[in-house]
Amino acid sequence: MQIGYARVSTLEQNVGPQIDQLEEAGCERIFRDKASGAKTERPGLREARDFLRDGDSLVVWRLDRLGRSLRHLIDTVSELEERGIGFRSLQESIDTTTSGGRLIFHIFGALAEFERNLIRERTLAGLRAARVRGRIGGRPRKLGKQKTELAYQLYNEKKYAVKEICQMLGVSKPTLYAYLARRENATKD
């Protein structure tokens, strides 16, 4: 069974032309959404996925109607494939029930993985370069070296309550406890 899915991003847009194309392609049932493609949770898409059975195919007018990101498209089509459900995109002439359609989709998946790896490599290279220049990532420490030592001293003396120490240093209880835990971990190593 061919199950259609049509989506427009705004209430002003008309889903009619997509539905005409899906009906012409032989879709027996069509699910609809009026939502941004960036949203992965869409009621119509969820209903369509729940309705689909082994041997069915999900049909969209164009790939971008299913999702904006390549990662979301690949995840959705992979999930369908695991359930024995095909996928067709009319405009791009992709049909994962054929060997050529599966090949094209696997190429998309490989390209998406390649892109993720490139981004990761660039990020790591940028962090290494920043370290070489003396920059360390992350948030600046709330307490400098002197205030940190003062915090340890006040805490060890047990003259003040934790709340009072926090007020003196201008930090929250979780921050103080994080510094104390860091000290504890350093002494264990």
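Our subject is the structure that appears above.
Residues numbered from 1 in each chain as written. Predicted model: local features only at pLDDT ≥ 70, side-chain atom pairs only at ≥ 80, totals over all residues. Heavy atoms only, no water.

What follows covers the overall build of the protein chain. Helix and strand counts for the protein chain come out as eight helices and five strands. Start at the N end of the protein chain and walk to the C end: the helices and strands fall as β-α-β-α-β-α-α-β-β-α-α-α-α. Along the three orthogonal principal directions, the C-alpha set of the protein chain runs to about 80 × 35 × 30 Å. In the protein chain, which comprises 189 residues, the share counted as buried stands at 33%. Here the protein chain has roughly 12,400 Å² of accessible surface; of this, 51% comes from carbon and sulfur atoms. Here the protein chain contributes 35 positive and 26 negative side-chain charges, whose respective centroids are spaced 13 Å apart. (Helix = DSSP H or I, 4+ residues; strand = E, 2+ residues; numbered from the N terminus. Buried < 20%, exposed > 50% of the residue type's maximum accessible area, 1.4 Å probe, protein only. Areas by Shrake-Rupley, 256 points an atom, 1.4 Å probe, with all protein chains shown as cover. Lys, Arg positive; Asp, Glu negative; His and termini not counted. Charge placed at Lys NZ, Arg CZ, Asp CG, Glu CD.)

What follows is about the environment of Val 59. With respect to the helices, strands and loops of the structure, Val 59 is situated in strand S3 (residues 57–60). Taking the C-alpha atoms as reference points, Val 59 and Thr 96, 37 residues apart in sequence, are found 11 Å from one another.

Below, the discussion takes up the packing of aromatic side chains. Under the criterion given, the structure shown has two aromatic pairs. Here Phe 31 and Phe 51 contribute two aromatic rings whose centre-to-centre distance is 5.6 Å and whose plane-to-plane angle is 55 degrees, an arrangement assigned as tilted. Taken as a pair, Phe 31 in strand S2 (residues 29–34) and Phe 51 in helix H2 (residues 43–51) lie far apart in primary sequence, 20 residues in all. Residue Phe 31 is classed as buried on the basis of its relative accessible area, which comes to 5%. The partly exposed category is assigned to Phe 51, whose relative accessible area is 29%. Arranged with centres 5.9 Å apart and planes meeting at 70 degrees, the rings of Phe 87 and Phe 105 form a pair that is edge-to-face. Of this pair, Phe 87 sits in strand S4 (residues 86–89) while Phe 105 sits in helix H5 (residues 99–132), and the two are 18 residues apart along the sequence. The ring centre of Tyr 179 lies 4.7 Å from the NZ or CZ of Arg 182, which sits over that ring. For the cation-ring pair, Arg 183 lies above Tyr 152, with the distance from its terminal atom to the ring centre recorded as 4.5 Å. (Phe/Tyr/Trp six-rings, centres within 6.5 Å; stacked < 30°, edge-to-face > 60°. Lys NZ or Arg CZ within 6 Å of the ring centre and 35° of its normal.)

Another aspect to go through is the side chain of Arg 7. Relative to the assigned elements, Arg 7 resides in strand S1 (residues 2–8). Of the buried charged residues, Arg 7 lacks a salt bridge, with Asp 64 as the closest side chain of opposite charge at 5.5 Å. In this structure the side chain of Arg 7 is engaged in a polar contact, spanning 2.6 Å, whose partner is the backbone oxygen of Asp 64. (Salt bridge = Lys/Arg side-chain N within 4 Å of Asp/Glu carboxyl O. Polar contact = N/O pair within 3.5 Å; in protein donor to acceptor, adjacent residues only side chain to side chain.)

Take the packing of helix H6 (residues 145–157) against helix H7 (residues 162–169) next. At a minimum axis separation of 10 Å, H6 and H7 run at an interaxial angle of 160 degrees. One way to sum up the angle between H6 and H7 is to call them roughly antiparallel. For H6 against H7, the interelement crossing comes out right-handed. Judged by residue contacts, Lys 147, Leu 150, Ala 151, Leu 154 and Tyr 155 of H6 engage Val 162, Ile 165, Met 168 and Leu 169 from H7. When the residues that make up the contact of H6 with H7 are grouped by side-chain class, the tally is eight nonpolar, no polar and one charged. (Axes fitted to C-alpha atoms, helices over the stretch in contact; angles between N-to-C directions. Parallel < 35°, antiparallel > 145°, perpendicular 65-115°, else oblique. Left-handed = near helix turned anticlockwise from the far one by under 90°. Contact = heavy atoms within 4.5 Å. Nonpolar A, V, L, I, M, F, W, Y, C, P; charged D, E, K, R; others polar.)

Turning our attention to the sheet that holds S3. With mixed pairing, the five strands of this open sheet are ordered in space as S2-S1-S3-S4-S5. Only two strands of the sheet have a single neighbouring strand rather than two, namely S2 and strand S5 (94–95). Here S3 runs beside S4; their pairing, made up of four bridges, is parallel. Bridge pairing links Val 60 to Ser 89 in S4. Helix H1 (residues 16–24) rests against S1, S2 and S3 of the sheet, and its axis sits at about 170 degrees to S1. (Pairing = 2+ DSSP bridges.)

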